[in-house]
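Coordinates in review
One-letter residues, chain by chain:
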Amino acid sequence: MPAVSTSSISDSYQRLADRLSRAAERAGRSFRDVEVLAVTKTHPAPVFREVLALGLRQVAESRVQEAEAKRAEVAAFPGAQTLRWHMVGRLQSNKAKKAAALFDCIQSVDSLALAEILHREGERRSQPVSCLIELKVSSEATKSGLAPDALEPFFEKAGRLSFLRIEGLMGLAPLTADPSQSRPYFRQMRKFFDKHRAWFNVPRPILSMGMSGDCEVAVEEGSTMVRIGTALFGARAAA
Ligand SMILES: *Cc1c(COP(=O)(O)O)cnc(C)c1O
C-alpha cells in the first residue's frame, strides 16, 4: 500500500476544492452544493483521521469485507459517528444483507432483485435502506447499471418498496484521457435525474457523478456528489 502523508492529503484537498469551486462558478453553481465523497478503498484506516480532520463526512468503499474491517477500526476515531458510509462497488446479492447493515447508502443498486433484497432487509431491521440507482449511460460491456429505458419500469416497482429509500442516481462515464469526453454522458445522467426526480424521496436528491479525472466536467453538468479517490489519496496499489 502506498504511504499517504497527512500534509499531502490536506494539500490535495485544497487543490481539489479550488478546481471544483471554479467549475461550479463556470456553471453558475456553488461548490457548497457539491459533496466530496472520499473514496477510501484500498487505503488503510488511518486515512480516515485525515478525512475527518478535513471536515469531510461522506466516505466510500467498494468491497463489503474491506469496509467491514475498516468501519470497525475507524469507529474508535473521534467524530467517526458522523461519517456516512457509501457502497460504490458492484454488490452481489449474497452480500446484500450484510451491505444493508454496514453501509448508510448503497450507490450501486442496479436490479429489481437487489432492490427487493435490500427492502426486505430494511423491513426486518425496521430501518429503511438508503440507496442510489446506478444508471448505465455508457455502452462499455464491463459497466454495470440499469439501462436508461429500464428506469421507468424499475421505479414503478422499486419506488413502492417502503423500506427502500431511493435518494438519487449514480453513474460512471467511460474512462478516457480527455475528461471533456465524459460530458455527454454526464449530461444524459442529469437529464434522467431531472426526469425521474419524483421518485427520489429525500429533500435533496443526489446525482453522484464525476471521479478524480472528470469531476470538474461533472460539476459543470450538475453533479451533486463527486466520488474522489486518487485526487485525494494518490494512486491505489494494483488490486
Ligand atoms: C474507485 C472509484 C471511484 C474513485 O475513483 P478515482 O478515479 O480514484 O477518483 C469513484 N467511483 C467508483 C464507482 C469507484 O469504484
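Keep in mind the model is a prediction, meaning the values are calculated, not measured.

Conventions used here
Residues numbered from 1 in each chain as written. Predicted model: local features only at pLDDT ≥ 70, side-chain atom pairs only at ≥ 80, totals over all residues. Heavy atoms only, no water. Phe/Tyr/Trp six-rings, centres within 6.5 Å; stacked < 30°, edge-to-face > 60°. Helix = DSSP H or I, 4+ residues; strand = E, 2+ residues; numbered from the N terminus. Buried < 20%, exposed > 50% of the residue type's maximum accessible area, 1.4 Å probe, protein only. Lys NZ or Arg CZ within 6 Å of the ring centre and 35° of its normal.

Things to note about the packing of aromatic side chains
Following the criterion strictly, the structure yields five aromatic pairs and no others. On the basis of an interplanar angle of 5 degrees and a centroid distance of 5.9 Å, the ring pair of Phe-155 and Trp-199 is categorised as stacked. Placement of Phe-155 in helix 6 (residues 151-158) and of Trp-199 in the loop between helix 7 (183-195) and strand 7 (206-208) is noted, with a sequence separation of 44 residues between them. Ring geometry for Phe-155 and Phe-200: centres 5.8 Å apart, planes at 75 degrees, overall edge-to-face. With Phe-155 in helix 6 and Phe-200 in the loop between helix 7 and strand 7, the pair connects residues that are 45 residues apart, well separated along the chain. Classification of Phe-155 as buried rests on a relative accessible area of 0%. Residue classification places Phe-200 among the buried positions, given a relative accessible area of 5%. Over the ring of Phe-77 we find Arg-49; its NZ or CZ atom is 3.8 Å from the centre of that ring. Here the basic side chain of Lys-191 rests over the ring of Phe-192, its NZ or CZ set 5.1 Å away from the ring centre.

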